[in-house]
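# Geometric and topological summary
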Amino acid sequence: MNNQEYIESGLLELYVFGLLDETQTAEISRLSQTEPQIQAEIVSIEKAIINLSESMSPFLSHKNYGKIREALLIKHKVHDIKPKTNIFNFIGWAAAAALLIGIGVQYISLQNKNEQIEQITANNEKINNELIQSKLENQTSQTAVAVLRDTANTVVTLAGQEVSPKSQAKIYWNKQSKTVYVDASKLPTPPKGMEYQVWSLKLDPLTPTSIGMLQKFEENGTKIFKVENATEAQAFGITLEPAGGSATPTLEQLYTLGKA
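Being a predicted model, the structure only gives us computed values, none of them experimental.

Among the eight residues that make up strand β7 (residues 235-242), seven are buried, leaving the element largely enclosed by the rest of the structure. Relative to β7, strand β4 (residues 194-203) runs antiparallel, the two being bridged by eight bridges. Its bridge partner being in β7, E195 is matched across the sheet by E241. Pairing between β7 and strand β8 (residues 254-259): five bridges, direction antiparallel. Looking at β8, one finds that F236 is bridged to G258.

Printed below as a string of structure tokens:
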């Protein structure tokens with residue numbers, strides 16, 4: 001096989017994961033030392049796997065928060081006592097002032113505790129959201145790694161076109177399970193209001209069929225997207241279209257193209 005056939009065969013991915021036999025491993029190891037194109041593709045696969053395996057692990061404090069009382073119950077008993085002298089009037093007013101000050105202090109304390117409860121609740125919600133996001137990212141990473149490892153996949157390399165020569169993408173097409181994944185890690189981030197659209201192509205006559213949009217591109221950390229099944233596809237292409245997609249591909253915005 002020539003270099004391009006090696007790249008399109010999927011053997012280099014299996015080499016990186018250590019799933020080839022000794023003969024194949026030795027052969028690709030030899031080629032990686034003598035063929036810059038093979039070496040560059042192996043490095044690209046290794047970088048993609050490192051990116052896929054990254055996951056967020058939020059820091060959680062082990063400090064347990066105690067229960068905070070929701071209300072304070074203050075009971076007062078008032079007795080009608082007829083003062084006998086002015087000194088008793090003074091003492092009564094002083095006691096009343098002290099009582100009011102005490103109530104004010106406890107009210108402020110209660111307000112502070114309510115604010116603390118609200119802050120703790122907000123922190124807990126933030127932590128829960130981070131945990132949920134972390135689980136989703138881990139699931140996405142695991143799916144992406146499984147796609148790369150699946151030897152039943154037909155790997156189609158899409159080369160950059162005139163509008164973006166440095167762009168590249170890969171199609172992982174499992175004809176048994178009828179699933180298609182797109183590795184768009186080598187496509188530039190689309191401008192605001194634009195999305196990548198994936199097309200399966202029949203070549204004679206040329207018949208494009210949309211099989212999906214690469215939506216929320218920036219939010220997808222792995223840049224691995226699942227699209228619709230590509231029945232009887234002879235080639236694949238990716239164009240840049242207005243958000244929501246187009247009925248037919250905009251050929252002036254054809255970013256990548258490859259024959260299946």
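A cis amide bond links D204 with the next residue in sequence, P205, at an omega value of -5 degrees. Positive phi, normally seen in glycine, also occurs at K178, with a value near 60 degrees. If you trace the backbone, K178 turns up in the loop between β2 (168-174) and β3 (179-186). Using a relative accessible area of 56% as the deciding quantity, one classes K178 as exposed. Of note in this structure, E232 is not a glycine but carries a positive phi near 60 degrees. With respect to the helices and strands, E232 occurs in the loop between β6 (224-227) and β7.

Turning next to the side chain of E241. With respect to the element layout, E241 can be found in strand β7. The side chain of E241 sits in the buried core without any salt bridge; K192 is the nearest counter-charge, 19 Å away. Within the structure, E241 has its side chain in polar contact with the side chain of S246 (distance 2.7 Å). At 2.7 Å, the side chain of E241 forms a polar contact with the side chain of T250. Setting aside anything within four residues of it in sequence, one finds E241 in contact with G193, M194, E195, Q197, W199, S246, T248, P249 and T250.

Calculation criteria
- Residues numbered from 1 in each chain as written.
- Predicted model: local features only at pLDDT ≥ 70, side-chain atom pairs only at ≥ 80, totals over all residues.
- Heavy atoms only, no water.
- Buried < 20%, exposed > 50% of the residue type's maximum accessible area, 1.4 Å probe, protein only.
- Helix = DSSP H or I, 4+ residues; strand = E, 2+ residues; numbered from the N terminus.
- Pairing = 2+ DSSP bridges.
- Lys, Arg positive; Asp, Glu negative; His and termini not counted.
- Salt bridge = Lys/Arg side-chain N within 4 Å of Asp/Glu carboxyl O.
- Polar contact = N/O pair within 3.5 Å; in protein donor to acceptor, adjacent residues only side chain to side chain.
- Contact = heavy atoms within 4.5 Å.

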